[in-house]
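# Analysis of the macromolecular model
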Amino acid sequence: MDFPTLLVISTFVTGLIWAVDALLWAPKRRARVAELEAGGQVITEAVREQVAKESLVVEYARSFFPVILIVLLIRSFLVEPFRIPSGSMMPTLLVGDFILVNKFSYGIRLPVLDKKVVGIGEPERGDIVVFRYPENPSVDYIKRVVGVPGDHIVYTDKTLYINGKAVQQHVEGTYQGTGGGAVMTGASMRREELGSVAHSILVMPNRPDMEVDFTVPPGEYFVMGDNRDNSRDSRFWGTVPDQNLVGKAFFIWMNWDSDANGLVDWSRIGSSIR
């Protein structure tokens, strides 16, 4: 059972217990107090509270229901936190980054069922998206959208071509990695201009390309990692269907890399994601 399903079940169960108590059990407790008073029995405030007191289960349900409901609504329709476990999006996202994902950028979806009920927007080239991995939807992936429906995508000689036009690259220097990303030290860091989005990528000049020549089908998206030679992406397993989209990454709220000397990279906290 995944976390969204657990949230939905917990919300339903605690809400149901609270509702049943409000409609059935609480009136009976109040009626019992009224019977005692109507019978002329003198009851103390302590006895009154004891008779009218809800059960421990109801007390917990009443306390937790609004909290769980708020978490469910925020996580399902507004923002969801994720942790970056690998270096496939370096240098944009590093191992140990904790990010927030906008859940309504591409439409409002029902929790668990993941059915879109309100269409709001669609991914654009350059967006960093979280999605359910097409080959195993229980796993979440994060990559950058490089191709939208109808685009002709070619990747060869470390260069991306969209609809016959090369995406411009400018060499920035040699990458110096730290912590979990130290393995990429020595890679060529380049500035890529993907439409209006300028971002950095890493390539290994001496490593063979995974070459691609592909036209993106309707309702699907071609995604790639910014760490071009260390990313399993659409070049290997195909495109991402619209129904697999989770949301758009937009903010780094924490960084914790157990392989780094300082553990927390304070300079990354509060950074926007592009």
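Above this text sits the structure in question.
Think of each chain on its own: its residues are numbered from 1, step by step along the sequence as written. The model is predicted, so local features are restricted to residues of pLDDT at least 70 and side-chain atom pairs to those at 80 or more, both for listing and for counting; the totals for chains, interfaces and linings are taken over all residues. Water and hydrogen atoms play no part in the side-chain values, which are based on all heavy atoms of the structure.

### What to know about the nonpolar core
Applied cut-off: Residues belong to one nonpolar core when they are buried, are Ala, Val, Leu, Ile, Met, Phe, Trp, Tyr or Cys, and are joined through side-chain atoms within 4.5 Å. Each residue's exposure class comes from its accessible area (1.4 Å probe, protein chains only) as a fraction of the maximum for that residue type: buried when under 20%, exposed when over 50%, partly exposed otherwise. In DSSP terms, a helix is any run of H or I states spanning at least four residues, a strand is any run of E spanning at least two, and both are numbered starting from the N terminus. Contacts: residue pairs with any heavy atoms within 4.5 Å of one another.
Grouped together as the largest cluster of nonpolar side chains are 13 residues, with contacts concentrated most on L93, I99, I128, I142, A249 and I273. For this core, the elements supplying multiple residues, two or more each, are β2 (97–102), β5 (128–132) and β16 (245–255). If one sorts the elements of this core by residue count, β16 sits on top with three residues. Not counting residues up to four positions away in its chain, the partners in contact with I142 are I84, S88, M89, L93, I99, I128, V129, V130, F131 and A249.

### Remarks on the layout of surface pockets
Worth spelling out the cut-off: Cavities and pockets were defined on a 1 Å grid built from protein atoms only: a cavity is a group of points that admits a 1.4 Å probe but offers it no way out, a pocket is an open group of points flanked by protein on both sides within 12 Å along at least five of seven lines, and a lining residue is one with an atom within 4 Å of any such point. Grid points are joined across faces, edges and corners, and a volume is the space filled by probe spheres set on the points. When residues are sorted by character, Ala, Val, Leu, Ile, Met, Phe, Trp, Tyr, Cys and Pro go into the nonpolar class, Asp, Glu, Lys and Arg into the charged class, and all the rest, Gly among them, into the polar class.
Roughly 450 Å³ of internal volume is contained in the largest pocket. Every residue lining the largest pocket is counted, 22 residues in all, and those nearest its centre are P4, R75, E80, D114 and R132. For the lining of the largest pocket, the secondary-structure elements that each account for two or more residues are α1 (3–38), α3 (56–78), β1 (79–83) and β16. Partitioning the lining of the largest pocket into residue classes produces 10 nonpolar, four polar and eight charged. Computed from the structure, the second largest pocket encloses a volume of approximately 230 Å³. Lining the second largest pocket we find 14 residues, and of these P85, S86, D140, Y141 and I142 sit closest to its centre. For the lining of the second largest pocket, the element with the highest residue contribution is strand β6 (residues 140–147), accounting for four residues. Partitioning the lining of the second largest pocket into residue classes produces eight nonpolar, two polar and four charged.

### Section: α1
Along an α-helix, a turn takes 3.6 residues, which lines up residues three or four apart on a common side. So the rule is basically this: How far a helix is expected to stretch is found by multiplying one less than its residue total by 1.5 Å.
With 36 residues, α1 extends 50 Å between its outermost C-alpha atoms, agreeing within 8% with the 52 Å of an ideal straight helix rising 1.5 Å per residue. For α1, the complete set of buried residues consists of L7, T11, T14, G15, D21, A26, R29, V33 and L36.

### Regarding the pattern of salt bridges
Stated formally: For this analysis, a salt bridge means a side-chain nitrogen from Lys or Arg found within 4 Å of a carboxyl oxygen belonging to Asp or Glu.
Scanning the entire structure with this criterion turns up 15 salt bridges. Between D21 and R29 there is a salt bridge; the shortest N-O distance is 2.8 Å. Judged on exposure class, the residue D21 and its partner R29 are both buried. When salt bridges that share partners are traced, they join R75, E80 and K103 into one network.

### Focus: the sheet that holds strand β12 (residues 197–203)
Applied cut-off: Whether two strands pair comes down to DSSP finding at least two bridges between them. With axes taken as lines fitted to C-alpha atoms, and helix axes fitted only over the stretch in contact, angles between N-to-C directions fall between 0 and 180 degrees.
Read from one edge of the open sheet, three strands run β10-β11-β12, paired in antiparallel fashion. Of all the strands in the sheet, the pair left with one neighbour each is β10 (169–174) and β12. Taken pair by pair, the neighbouring strands of this sheet meet at an average axis angle of 30°, ignoring direction.

### Description of the pairing of β6
Taking burial as the measure, the eight residues of β6 include six buried ones, the bulk of the element. Sheet topology places β5 next to β6; five bridges connect them, and they run antiparallel. Among the inter-strand pairings, V129 is bridged to a residue of β6, identified as K143. Relative to strand β14 (residues 220–224), β6 is paired through three bridges, and the arrangement is antiparallel.

### Description of the packing of aromatic side chains
Rule in force here: Note on ring pairs: Phe, Tyr and Trp rings are taken, using the six-membered ring of Trp, and paired if centres are within 6.5 Å. Classes follow the plane angle, with under 30 degrees stacked, over 60 edge-to-face and the rest tilted. The criterion is that NZ of a Lys, or CZ of an Arg, lies within 6 Å of the ring centre and within 35 degrees of the ring normal, and then a charge sits over that ring.
For the structure shown, the criterion picks out 10 aromatic pairs. Here the aromatic rings of F131 and W237 are separated by 5.9 Å at their centres, their planes lie at 50°, and the arrangement is tilted. On the criterion of sequence distance, the pair formed by F131 in strand β5 and W237 in helix α4 (residues 234–237) is long-range, its members being 106 residues apart. For the pair shown, F131 and W237 are each scored as buried. A ring pair is formed by Y133 and W237, whose centres lie 5.4 Å apart and whose planes are at 75°; its orientation type is edge-to-face. With Y133 in the loop between β5 and β6 and W237 in helix α4, this residue pair connects regions lying 104 residues apart in the sequence. The two residues Y133 and W237 agree in class, both being buried. Cluster of aromatic residues (ring-pair linked, three or more members): F131, Y133, Y141 and W237. Directly above the ring of Y155 sits R235, whose terminal nitrogen or CZ lies 5.1 Å from the centroid.

### Re unusual backbone geometry
The peptide bond linking M90 to P91 adopts the cis configuration, its omega dihedral lying at 5°. Positionally, P91 belongs in the loop between β1 and β2. Of note in this structure, D157 is not a glycine but carries a positive phi near 55°. Turning to its location among the elements, D157 is positioned in the loop between β7 (152–156) and β8 (159–162). We note that K158 has phi near 65°; this positive angle belongs to a residue other than glycine. Residue class for K158 comes out buried when judged on its relative accessible area of 5%.

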